[in-house]
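Working through the structure, step by step
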Amino acid sequence: MMTRIRFGLIFSATLALLALSHGGAQALDPSGKAVGVVPSADAAGASGRRVLRVDGDIFAGDKVQTGPQGEAQILFKDQTRLVVGPNALMTIDSFVFDESNTARKITLNAAKGAFRFITGNSQKQAYSINTPAAAIGVRGTRFDFTVAANGELTFALFDGEVRMCTRDGRCRNIRGTCAVVVAAPGNAIPPSIRGDQRDPALIRQLPYVTDQTRLRRDFRVNAAGCTSRNGNASHEDRGEQVRDQRSPSRGSGGEGGGGGTGDGDGEGDGEGDGEGEGETPR
C-alpha cells in the first residue's frame, strides 16, 4: 500500500515538473536576436539579466537598456528591425507570433533614448509603439525617434505612414518623406515641420539620420535630404490628417505611456486625403 502511494506521488511530481518545463520553454521562446551590439547593452526579463551579445536571444518582456556608448540592433522573427541607441531603455512588451512566424501583436514601450524602427513581414495592424508623448500606430514604414528625459518625442519618417495619438485620443496621421514631428506629453500632436523651418539642432536629436556608419546595411535607410532645410519640403505635410475630437482610448501606454488611436475619419488639415482608420496601441 505504501509502495503504491509513494509511486503515485513520484509520478504526479514528475508530471508536474514536465508541465512546468514545457510551459517554461514556451514562455522563453525567443522573439528575435541581437545581430549587432556595441557595449554596454543588456537585457532583463523572465530569463534574468544578461549582457547582450551578437546572436543573443531577445524575449517578449525583456527590457533592453544601453549605456552612453551602447547600441543594440535587433532582428525579430518576422524580419522587423529595431535599433536601440545610446542611453536608451526599451521594453519588448509583447511579441506574439503565429506558426508562420508572422506576428499577431507587437507592442514596444520606449522610455528614453534614440531608436530606429523598420517594419517586417507582419500585418500593419500588429505594430504599436508607446512613448510618454504619443502612441505610434505603424502602417508599414521606417522611422527614427528619440525620447528625451522630459518625455518629449522627436520623430522622423522616412517612408510609409504612422498614426500618432495622445492619451486622450487626439490623433494625427503622418505621411511624407522626411516628415519630422516634435510632440510633448499632454499636448496635441502638431503638424510635421517643413524643411525650411527645420532647425539643424532638431535633426541632431536623431543621431541615425546624420550617421548610420555603425549600423548593418539592412538597418540603414535613405535619409538623403532629411538633414537639409530644403529637403522634400513639399512632401512633408501632404496627406497629414488630424483628429482633434477626443475619442475613447482602448488602451493605455504601459511603461512608455502613450495613448491609443481612435477609429473613423478625421478632419484633414494638409493637402490630399488620408486614412483616418487606426488601431489601438496598448
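What comes next concerns the included structure.

Each value, and the rule that gives it
- Residues numbered from 1 in each chain as written.
- Predicted model: local features only at pLDDT ≥ 70, side-chain atom pairs only at ≥ 80, totals over all residues.
- Heavy atoms only, no water.
- Disulfide = S-S within 2.5 Å.
- Buried < 20%, exposed > 50% of the residue type's maximum accessible area, 1.4 Å probe, protein only.
- Helix = DSSP H or I, 4+ residues; strand = E, 2+ residues; numbered from the N terminus.
- Polar contact = N/O pair within 3.5 Å; in protein donor to acceptor, adjacent residues only side chain to side chain.
- Contact = heavy atoms within 4.5 Å.
- Phe/Tyr/Trp six-rings, centres within 6.5 Å; stacked < 30°, edge-to-face > 60°.
- Pairing = 2+ DSSP bridges.

It is worth spelling out the state of the cysteines at this point. Among covalent bonds in proteins, the disulfide is the one between the sulfur atoms of two cysteines. Considering all chains together, one arrives at two disulfides under this definition. Residue C165 pairs covalently with C171 via a disulfide, S to S 1.9 Å. Across the disulfide from C165 to C171, rotation about the S-S bond amounts to roughly 115°, and the bridge is consequently right-handed. With respect to class, C165 is no different from C171; both count as buried. Linked covalently through their sulfurs, C178 and C226 form a disulfide whose S-S length is 2.0 Å. Judged by the sign of its S-S torsion, about -75°, the cystine formed by C178 and C226 is left-handed. Taken together, the residues span a long stretch of sequence, with C178 in the loop between β15 (171–175) and β16 (179–183) and C226 in the loop between α3 (207–210) and β17 (241–243) at a distance of 48 residues. This pair shows no difference in class: C178 is buried, exactly as C226 is. What connects to what in the protein, once the bonded cysteines are numbered by sequence position, is 1-2, 3-4.

One can find R81 in strand β7 (residues 81–84). Separated by 2.9 Å, the side chain of R81 and the backbone oxygen of Q79 make a polar contact. There is a polar contact of 3.2 Å between the side chain of R81 and the backbone oxygen of D218. The residues touching R81, leaving out its near neighbours within four places in the chain, are I74, L75, R116, F117, I118, D218 and F219.

Looking now at the environment of T80. Mapping T80 onto the fold places it in the loop between β6 (71–76) and β7. Since its relative accessible area comes to 0%, T80 is described here as buried. Filtering out sequence-adjacent residues up to four positions away, T80 remains in contact with I74, L75, F95, I106, F117, I118, T119, G120 and Y127.

In total, this model carries five aromatic pairs according to the counting rule given. Taken together, a centroid distance of 5.8 Å and an interplanar angle of 80° make the contact between F117 and Y127 edge-to-face. Of this pair, F117 sits in strand β9 (residues 103–118) while Y127 sits in strand β10 (residues 127–130), and the two are ten residues apart along the sequence. Of the two residues, F117 and Y127, both sit in the buried class. On the numbers, 5.0 Å between centres and 40° between planes, the contact of F143 with F155 is tilted.

Let us now look at the pairing of β15. Taken across its five residues, β15 has five buried, putting it largely inside the fold. Here β15 shows a buried face lined by C171, N173 and R175 and a second buried face lined by R172 and I174. Bridge count for strand β14 (residues 161–165) against β15 is five bridges, and the pairing is antiparallel. Directly across from E161, in β15, lies its bridge partner R175. Counting the residues between successive antiparallel strands, the hairpin from β14 to β15 contains five residues, one of them, G169, with a positive phi of roughly 90°.

Let us now look at the pairing of strand β8 (residues 89–97). The buried count for β8 comes to seven of nine residues, which makes it a mostly enclosed element. Relative to β8, strand β5 (residues 63–66) is paired through three bridges, and the arrangement is antiparallel. Looking across to β8, one finds that Q65 is bridged to L89. In sequence, β8 turns back onto β9 through a hairpin of five residues, with N101 there showing a positive phi of about 65°.

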